[in-house]
Amino acid sequence: MSPITITPGRVALGSWRAIAGSGGAVVLSEGAWPAVSRSRMLVEQALGSGRAIYGVNTGFGRLAQTTIPLDQLKLLQRNLVLSHSAGVGELLPDNAVRLTLALKIAGLARGHSGVRPIVIERLLDLLRHNLLPEIPSQGSVGASGDLAPLAHLSAVLIGEGRAHFNGESLPAREALARAGLAPLELEAKEGLALLNGTQVSTALALINLFAAEANIEAALIAGALSTDAIKGSDVPFDARIHEVRGQPGQIAVASTLRGLLEGSEIRQSHLACERVQDPYSIRCQPQVLGACLDSLRHVASVLEREANAVTDNPLVFDSGEILSGGNFHAEPVAIAADALALAISEIGAISERRIALLTDASLSGLPPFLTRESGVNSGFMIAHVTAASLTSENKSLAHPASVDSLPTSANQEDHVSMATFAARRLTAMNVNTASILAIELLAAAEGIDFHRPLRSSGVMEHAHALVRARAPRFEHDRYFAPAISAVRDLIEARGFETSLPALALPSRTAS
């Protein structure tokens, strides 16, 4: 696999997806280094002038009025990292740590952070050796950036904390030694540049954006398969209906559903049936999933900008000015993550309704609970209960995190974003929704099997085969959970992505 090149300010979502998903090499574009060196030179010139510069030769937060002597500036940076390494909870997964490292490299390499090139080189070394800091997942309020988690990342650079290396959890100093690396001694401003920033919340939000893409892919396949399974109509997907409303996501979803069902023998078999309308979970798929698709696209635009942004503080400019602002405040990420939570929840909610439809013989025309010998067999009865429970969980998890704020740092940081939790909770939501969709795919595949020898469209038969390769038909009751797990794995691995080549999802942009 060829290395992924980070060109500061111009990295596409497809590259961030590849970094999170691969473990391959990451390099920084050669053109980035001069700006990094110039930024550092400007910091050193400012230090030489003797003026007080926040975070460079002063304390932090409420202690910003305290001037630090020159001979204690290195100690200031070290103490900052150590004191802020106060996270708790389960460790972030490796893909989130990899992506956080890459995002931090991209931000520092814009040339406004004033770090020495060696700091960025060492972050690249960590990626190159797959030496990943152990970062507790809890402890950030999303302003002044992701302080605690980024402190745990930065601690490894100075030989403190712990890291994963070659499958082992090791003290950072030992992990560095095994990789042939020496701990860094941070100089003025470097600790603050490393700790300030929205990279952890942005990494978590991006990973969950990509997972939501996988879920909406599966939702389109499952929805089309369910439409055929209940012998539903494709008339509600007619392009004219959606063009007069004008919502782009709705138009795209309707077009996708038409393409998925084109050529279905099952559809042709009931063109003259007496049913006038299908339930909303079938008929209104373009309206519901289209709104979710529009939301994903908006969230993607926010996160793509944030991933390429400079979010530490203070910032160094070519004029020599070092300006203190608030780009570390992760409100854009928090609000985007909350919007993404609504979309993830709704994708699962309408899927659960289709499972209920498929298992209800009075509405679906299929055997009760999708089993011929109901009574002795319970079929999909409790699988639907599982889907209902996960849907309810997602409703609670979808409550916006960004509306909450608790003052910190003796009221100096009196409004915070809660972006890290806003993004982190999306992981559980995506897993829940993938499980719901897995149950629907299993149920819809069962429904299709009841219509044999009629066949669905070519694309739908391929999707049916993908499901059946992982879970045989439920001719009678059997231990159910492994089938759900196997199909969820298919969803999370983007197993349906190639079945939807015309669907424009954000991470398919050129990398």
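Below is a summary of the structure that appears in this document. It should be emphasised that the depicted structure is a prediction, and the values quoted were computed from it without experimental measurement. (Residues numbered from 1 in each chain as written. Predicted model: local features only at pLDDT ≥ 70, side-chain atom pairs only at ≥ 80, totals over all residues. Heavy atoms only, no water.)

1. Re the overall build of the chain
In step 1: Helix and strand counts for the chain come out as 21 helices and nine strands.
In step 2: Taking 2.2 N^0.38 as the reference for a compact globule, 511 residues should give roughly 24 Å; the C-alpha atoms of the chain span a radius of gyration of 26 Å, in line with that estimate.
In step 3: A principal-axis box enclosing the C-alpha atoms of the chain has dimensions of 85 × 50 × 45 Å.
In step 4: Element-wise, carbon and sulfur atoms account for 55% of the exposed surface of the chain, whose accessible area totals about 20,200 Å². (Helix = DSSP H or I, 4+ residues; strand = E, 2+ residues; numbered from the N terminus. Rg over C-alpha atoms; globule rule 2.2 N^0.38 Å. Areas by Shrake-Rupley, 256 points an atom, 1.4 Å probe, with all protein chains shown as cover.)

2. Considering the side chain of H152
In step 1: Tracing the backbone through its elements, the reader meets H152 in helix 6 (residues 147-157).
In step 2: Setting aside anything within four residues of it in sequence, one finds H152 in contact with S85, A86, G87, P133, E134, I135 and P136. (Contact = heavy atoms within 4.5 Å.)

3. Here we look at the layout of surface pockets
In step 1: If you add up the space inside the second largest pocket, you get close to 630 Å³.
In step 2: In terms of lining residues, the second largest pocket is bounded by 27 residues, among which N95, I207, N208, A211 and T427 are the most central.
In step 3: If you tally residues by element for the lining of the second largest pocket, the top one is helix 9 (residues 199-229), at seven residues.
In step 4: A breakdown of the residues in the lining of the second largest pocket according to their chemical character gives 14 nonpolar, seven polar and six charged. (1 Å grid on protein atoms, 1.4 Å probe; cavity = no way out; pocket = protein on both sides within 12 Å on 5 of 7 lines; lining within 4 Å. Points joined across faces, edges and corners; volume = space filled by probe spheres on them. Nonpolar A, V, L, I, M, F, W, Y, C, P; charged D, E, K, R; others polar.)

4. Looking at the packing of helix 17 (residues 381-397) against helix 19 (residues 426-449)
In step 1: Running from N to C, helix 17 and helix 19 point in directions that differ by 155°, and their axes come no closer than 9 Å. Here helix 17 lies roughly antiparallel to helix 19, going by the angle between them. The two elements helix 17 and helix 19 cross, and the hand of that crossing is left-handed. The segment helix 17 lies against helix 19, with A383, T386, A387, L390, T391, E393, N394 and L397 engaging A428, M429, N432, T433, S435, I436 and I439.
In step 2: Across the contact of helix 17 with helix 19, the residue classes break down as eight nonpolar, six polar and one charged. (Axes fitted to C-alpha atoms, helices over the stretch in contact; angles between N-to-C directions. Parallel < 35°, antiparallel > 145°, perpendicular 65-115°, else oblique. Left-handed = near helix turned anticlockwise from the far one by under 90°.)

5. Focus: the sheet that holds strand 7 (residues 168-171)
In step 1: A sheet is described by the order of its strands in space; here three strands give the open sequence 4-6-7, paired in antiparallel fashion. Edge positions in the sheet fall to strand 4 (132-133) and strand 7, since each has one partner strand and no second.
In step 2: Strand direction decides the pairing type here: strand 6 (residues 162-165) and strand 7, joined by four bridges, are antiparallel. Within strand 7, the residue paired with R162 across the bridge is P171. (Pairing = 2+ DSSP bridges.)

6. Some details on the nonpolar core
In step 1: The biggest cluster of nonpolar side chains holds 164 residues, and the ones touching the most others in it are W16, I120 and L442.
In step 2: If one sorts the elements of this core by residue count, helix 9 sits on top with 18 residues.
In step 3: The contacts of L442, once residues within four sequence positions are left out, are F380, V467, A471, F474, F480, A483, I484 and V487. (Core = buried A, V, L, I, M, F, W, Y, C linked by side-chain atoms within 4.5 Å. Buried < 20%, exposed > 50% of the residue type's maximum accessible area, 1.4 Å probe, protein only.)

7. Considerations on helix 2 (residues 33-49)
In step 1: Along its 17 residues, helix 2 runs 25 Å from first to last C-alpha, staying within 8% of the 24 Å computed at 1.5 Å per residue.
In step 2: Buried residues of helix 2: W33, V36, S39, R40, L42, V43, A46 and L47, and no others.
In step 3: Immediately beyond the C-terminal end of helix 2, within one or two residues, lies G50, with a positive phi of roughly 85°. (Expected span 1.5 Å × (residues − 1).)

8. Notes on unusual backbone geometry
In step 1: With an omega of -5°, the peptide bond between N313 and P314 qualifies as cis.
In step 2: As for its placement among the helices and strands, P314 is situated in the loop between helix 14 (285-307) and strand 8 (315-316).
In step 3: The amide bond that connects R452 to the next residue, P453, takes the cis arrangement and shows omega of 15°.
In step 4: Turning to its location among the elements, P453 is positioned in the loop between helix 19 and helix 20 (458-470).
In step 5: Even without being glycine, N130 reaches a positive phi, approximately 50°.

9. Let's talk about the packing of aromatic side chains
In step 1: For the coordinates displayed, the defined rule picks out three aromatic pairs.
In step 2: Measuring from centroid to centroid gives 5.3 Å for F380 and F474, while their planes differ by 70°, and the two rings are edge-to-face. One end of the pair, F380, is in the loop between helix 16 (361-364) and helix 17; the other, F474, is in the loop between helix 20 and helix 21 (481-492), with 94 residues separating them in the sequence.
In step 3: The interplanar angle of 20° and the centroid separation of 4.4 Å between the aromatic rings of F474 and F480 together place this pair among those described as stacked. Across the pair, F480 and F474 agree in class, each one buried.
In step 4: Through a chain of ring-to-ring contacts, three or more aromatic side chains come together here, namely F380, F474 and F480.
In step 5: Over the aromatic face of F474 sits the side chain of R478, whose NZ or CZ is 3.8 Å from the ring centroid. (Phe/Tyr/Trp six-rings, centres within 6.5 Å; stacked < 30°, edge-to-face > 60°. Lys NZ or Arg CZ within 6 Å of the ring centre and 35° of its normal.)

10. Describing the pattern of salt bridges
In step 1: Tallied over the full model, the rule gives 31 salt bridges.
In step 2: As a salt-bridge pair, D449 and R473 come within 3.9 Å of each other at their nearest N and O atoms. Of this pair, D449 sits in helix 19 while R473 sits in the loop between helix 20 and helix 21; the two residues are 24 residues apart in sequence, bridging distant segments of the chain.
In step 3: The exposure class assigned to D449 is buried, which follows from its relative accessible area of 11%.
In step 4: Through salt bridges with shared partners, one network takes in R17, E213, E217, R494, E497 and R508. (Salt bridge = Lys/Arg side-chain N within 4 Å of Asp/Glu carboxyl O.)

11. Quick word on helix 3 (residues 73-84)
In step 1: For helix 3, built from 12 residues, the straight-helix expectation of 16 Å at 1.5 Å per residue is met to within 8% by its first-to-last C-alpha distance of 17 Å.
In step 2: Taken together, the buried positions of helix 3 are occupied by L73, L76, Q77, L80 and V81. For helix 3, the angular spread of buried residues about the axis comes to 130°, placing them on one side.
In step 3: Lining the buried residues of helix 3 we find helix 2, helix 6 and helix 8 (190-195). (Arc of directions from axis to C-beta.)

12. Here we look at the pairing of strand 6
In step 1: Side chains A163 and F165 of strand 6 all project onto a buried face; the interleaved residues R162 and H164 project onto a face where none is buried.
In step 2: Of the strand pairs in this sheet, strand 4 and strand 6 are connected by two bridges, and their pairing is antiparallel. Pairing of P133 across the sheet is with A163, part of strand 6.

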